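Listed below, chain by chain, are the residues.
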Amino acid sequence: MSASTNKIGKGYVVGSTLLSAFIVLLILVVLIANSWSAVSANGWSLLSFKWNPPTQQFGILTMLYGTILVTSIALFLAIPLGIFTAFFTSEILPSKYRILVKSMLELLAGIPSIIYGLIGVAFLSIWVQNVFDLQTGRTFLTAGVLLAIMILPTVITLTDDALQNVPDKYREAALGLGLYKYEVVKYALLPIAKRNIVGAILLAFGRAMGETMAVMLVIGSLDKIPQPFYNVLSSGQTITSKLGREISESSFGSVHFSAMIFMGLLLLSIVMILTIVAQRNFKTEDRLYD
Amino acid sequence: MTRHRYNLLFSAFAYSAVAFCGALLIFLFGVIIWKGISAISFDFLFSPSRNFGAEGGIVYQILGSILLVLTSALISFPIALGTALFKSEYLTNHRWQKVSNILIYGLNGVPSVIFGVFGLIFFVNILGTGISWFVGAIILAIMILPTIILSAYQSINSIPTIYREGAQALGFTKWQVIKKVLLPQGINGAITGLLIGMARAIGETAPIMFIATAFSGVDVPSSLLEPVAALPTHILALAQQATNPNALQNAWGASFVLILLVMTFSISALFIRIRRQTISQR
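Residues numbered from 1 in each chain as written. Chains lettered and ligands numbered in written order. Predicted model: local features only at pLDDT ≥ 70, side-chain atom pairs only at ≥ 80, totals over all residues.

> Teacher, can you tell me more about the overall build of chain A here?
On a plain count of helices and strands, chain A comes out with 10 helices and two strands. Going from the N terminus to the C terminus, chain A shows its helices and strands as α-β-β-α-α-α-α-α-α-α-α-α. Taking the principal axes of its C-alpha atoms as reference, chain A extends roughly 75 × 70 × 35 Å. Counting only residues that meet the buried cut, chain A has 47% of its 290 residues in that class. Long-range contacts, defined as pairs at least 24 residues apart, comprise 74% of the intrachain contacts of chain A with a sequence gap of at least 6. (Helix = DSSP H or I, 4+ residues; strand = E, 2+ residues; numbered from the N terminus. Buried ≥ 20, exposed ≤ 12 C-beta atoms within 10 Å, placed from the backbone. Contact = placed C-beta atoms within 7 Å.)

> Explain the overall build of chain B here, please?
Of regular secondary structure, chain B possesses 10 helices and two strands. The dimensions of chain B, computed from C-alpha atoms along their principal axes, are 75 × 70 × 35 Å. The buried share of chain B, taken over its 282 residues, is 48%. Of the contacts formed within chain B by residues at least 6 apart in sequence, a portion of 77% connects residues at least 24 apart.

> Would you take a moment to explain the confidence of the model for chain B for this structure?
In regions of low pLDDT, the predicted coordinates are not meant to be interpreted in detail. Summary statistics for chain B give a mean pLDDT of 89 and a share of 97% for residues scoring 70 or more. The ipTM for the predicted assembly is 0.91, set against a pTM of 0.92. (pLDDT = per-residue confidence, 0-100.)

> It is not clear to me how the packing of helix α7 (residues 161-169) of chain B against helix α8 (residues 174-203) of chain B should be interpreted in this structure. Could you clarify?
When two helices pack together, their arrangement is given by the angle between the helix axes and the distance between those axes. Residue and element names in this part refer to chain B. Running from amino to carboxyl end, α7 crosses α8 at an angle of 130 degrees, the nearest separation of the two axes being 10 Å. Put simply, α7 runs oblique to α8. Crossing hand, α7 versus α8: right-handed. From α7, Tyr163, Arg164, Ala167 and Gln168 reach across to α8, where they touch Val177, Lys180 and Val181. Taken together, the residues that form the contact of α7 with α8 break down as four nonpolar, one polar and two charged. (Axes fitted to C-alpha atoms, helices over the stretch in contact; angles between N-to-C directions. Parallel < 35°, antiparallel > 145°, perpendicular 65-115°, else oblique. Left-handed = near helix turned anticlockwise from the far one by under 90°. Nonpolar A, V, L, I, M, F, W, Y, C, P; charged D, E, K, R; others polar.)

> Help me out: how do you make sense of the interface of chain B and chain A in this one?
Interface size is commonly expressed as the accessible area that is lost once the parts come together. Each side of the interface is counted separately: chain B has 67 residues, and chain A has 65 residues. Among the secondary structure elements, those contributing two or more residues to the side of chain B that touches chain A are α1 (2-39), α3 (59-90), α4 (94-109), α5 (112-126), α6 (133-157), α8, α9 (231-239) and α10 (245-281) of chain B. When residues in the side of chain B that touches chain A are grouped by element, the largest group, 16 residues, is from α1(B).

> Where do I start with the packing of helix α3 (residues 98-110) of chain A against helix α5 (residues 140-164) of chain A in this structure?
Residue and element names in this part refer to chain A. For the pair α3 and α5, interaxial distance at closest approach is 8 Å and the crossing angle is 150 degrees. The crossing of α3 and α5 is left-handed. Packed against α3, whose contacting residues are Lys102, Leu105, Leu108 and Ala109, the element α5 presents Pro153, Thr154, Ile156 and Thr157 at the interface. Here the residues of the contact of α3 with α5 sort into five nonpolar, two polar and one charged.

> Explain unusual backbone geometry here, please?
The phi torsion of most residues other than glycine is negative, and most of the peptide bonds are trans. Residue and element names in this part refer to chain A. A cis amide bond, omega -15 degrees, links Gln227 with the succeeding residue Pro228. Structurally, Pro228 can be placed in the loop between α8 (213-218) and α9 (239-246). One non-glycine residue, Ser221, lies in positive phi territory at about 50 degrees. Among the structural elements, Ser221 can be located in the loop between α8 and α9.

> Just checking my understanding: could you explain the nonpolar core for this structure?
Of all hydrophobic cores here, the largest spans 178 residues; its most connected members are Leu147(A) and Val155(A). Looking at this core element by element, the count peaks at 18 residues for α6(B). Residues in contact with Val155(A), not counting those within four places in the same chain, are Ala78(A), Ile79(A), Gly82(A), Ile83(A), Ala200(A), Ile201(A) and Ala204(A). (Core = buried A, V, L, I, M, F, W, Y, C linked by C-beta atoms within 7 Å.)

Now the structure itself:
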């Protein structure tokens, strides 16, 4: 009796594990298989700047550039802001308020991205339009700022964790040597917490690249490299906004559809690599400072 | 002297960063609450939407979202729990542990729009289901799988080995150890993960917008293969007609309700986690 339930139990456990693994592989296989016809039909011309479905031109570099530009703006704003806020929450703020800060951050991180998109449409894009006197407020800058706001909680909470993981004796020893607070942070905490902070940044990087709804609503959806290329006040397109806008317009099985999937696969590969590398950074296998 | 100045500069940066973040927090919640409360009313919550969402309420969107997220939880939970048990209790090989970590964290990192694209290809086109709420629930279930697995795994794996050994010494089979010893203690972690996953799933737009939802003319689906209305996609559609003040107001109302639903799940998760901590401290 108990031997057979043991078998059933093991069967359930093994079965669900196999199912989970199968799902991950299925996603990869489906995406690779469906991007194949674009690769075989277009070859290297996928890596060009021209995207024009009627003439069968599917260059994805414009979207890739848009993704990189928007993500860079977001990281450029969110990293310094996030790290300095984490210095405050971890090193200056008395520890009894930490639970409050942490729950605030969790609340912020829980706001669905579509609501950030709505705020972007209703406020941010209008502000950008008025401040810079533009025809439309839907620009790379708007999307970048919105993304920065969205990844800020991730950066703060993970950096704060990284700093908190450093044992107090390091702070005490450094303070005992007569160091100022910023010197404690710079010479004692940062060298130890560096790996985890880099991990936090990579994770935020991956999040920002894969974010769809908010970006899609405020980027303007224009398949053009800005002129000049650093002009962040023009409308553009990212991989995710392109997928969100255009995938239901392309018919399944066409080269157009396949090129979209290829773009998605590219995005997936970049984000997955970032996530997995980031996760390696969080491993604390070296018990140097226990 | 210069050291002192550097220190002041550092403090100034830290204080202004936190002031900026605080202002941002107040702005975000202020906007959502202020705009949201002025948009909702009894009628708004309990009547169907009219005129492409610009008039009427969001009752079917609320029901649809809850239906999607509950179904996805029912699909995801048993699979995730089994996987977590396998990873914690059966997987002893170090290399396979690493492989499983890569798979789980990889799945966790998949951008949400990719899940939508996958669902569109595999279910809607290859399996020919068409736009169906059930497919949306399956995709959301896949999306929250890693969250539940990791949370369940951590709580099961953190149960001291001595409990397992004690139970085995009493002649328990492996499954009896799991059922009588590990699950009663570890289930809280799995439920916390489930609630966190549900909080994320209910707010997601990108995975379901191509495959599960229709914008107008939808009420409660009567079969597995019908589209459903959902709050996030409703907000998306309204945000795209933002020049119409009525549509925008309804979008704020729907956002407020969505935030309340998200918070219901995440605050329940928080409570379970706190309760577990106080129990383990005793």
